[in-house]
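One-letter residues, chain by chain:
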Amino acid sequence: MGFLKNQQVNVAIRLLAWQYARNRQPLPARVLLERHARQLVDDAHRIARERGGNVLAILKQMVAQARRK
């Protein structure tokens with residue numbers, strides 16, 4: 001995985017951790033959090049390719065929606 005994608009995964013992990021803290025939920029294990037973040041980044045890239053747009057903006061929307069479920 002490239003440098004930029006690793007950085008995007010790290011941002012996604014921080015966004016997920018923030019959402020868990022905001023909802024007063026315990027953080028899952030680091031491995032699970034990282035797996036979820038990688039999936040979100042992959043999905044954000046796919047959406048950006050299909051519809052255009054900024055990957056980070058798409059990622060923020062996806063994290064917000066994922067935590068509401």
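Computed from a predicted model, the values in this text were never measured in an experiment.

Novice: Residue-level account of the overall build of the chain, with values.
Specialist: A count of helical and extended segments in the chain gives three helices and zero strands. N-terminal to C-terminal, the α/β element order of the chain is α-α-α. Relative to the globule expectation of 11 Å for 69 residues, the C-alpha radius of gyration of the chain, 12 Å, shows essentially globular dimensions. Taking the principal axes of the C-alpha coordinates as reference, the chain spans close to 35 × 25 × 15 Å. Taking all contacts inside the chain whose residues are at least 6 apart in sequence as the whole, residues at least 24 apart take part in 53%. Taken as a whole, the chain presents about 4900 Å² of accessible surface, with 52% of it coming from carbon and sulfur. Taken together, the 14 basic and 4 acidic charged side chains of the chain have centroids lying 9 Å from each other.

Novice: Could you give an account of helix α2 (residues 30-51), naming the residues involved and the relevant values?
Specialist: With 22 residues, α2 should reach 32 Å at 1.5 Å per residue; the first-to-last C-alpha distance of 31 Å fits that figure. What α2 keeps buried is the set Leu33, Ala37, Leu40, Val41, Ala44, Ile47 and Ala48. Along the long axis of α2, the arc covered by the buried residues comes to 130 degrees, so they all point the same way. Residues of α2 that are exposed and point over 90 degrees away from its buried face: Val31, Arg35, Arg49 and Glu50. Phi for glycine 52, located one or two positions after α2, is positive at around 85 degrees.

Thresholds, definitions, all that
Residues numbered from 1 in each chain as written. Predicted model: local features only at pLDDT ≥ 70, side-chain atom pairs only at ≥ 80, totals over all residues. Heavy atoms only, no water. Helix = DSSP H or I, 4+ residues; strand = E, 2+ residues; numbered from the N terminus. Rg over C-alpha atoms; globule rule 2.2 N^0.38 Å. Contact = heavy atoms within 4.5 Å. Areas by Shrake-Rupley, 256 points an atom, 1.4 Å probe, with all protein chains shown as cover. Lys, Arg positive; Asp, Glu negative; His and termini not counted. Charge placed at Lys NZ, Arg CZ, Asp CG, Glu CD. Expected span 1.5 Å × (residues − 1). Buried < 20%, exposed > 50% of the residue type's maximum accessible area, 1.4 Å probe, protein only. Arc of directions from axis to C-beta.

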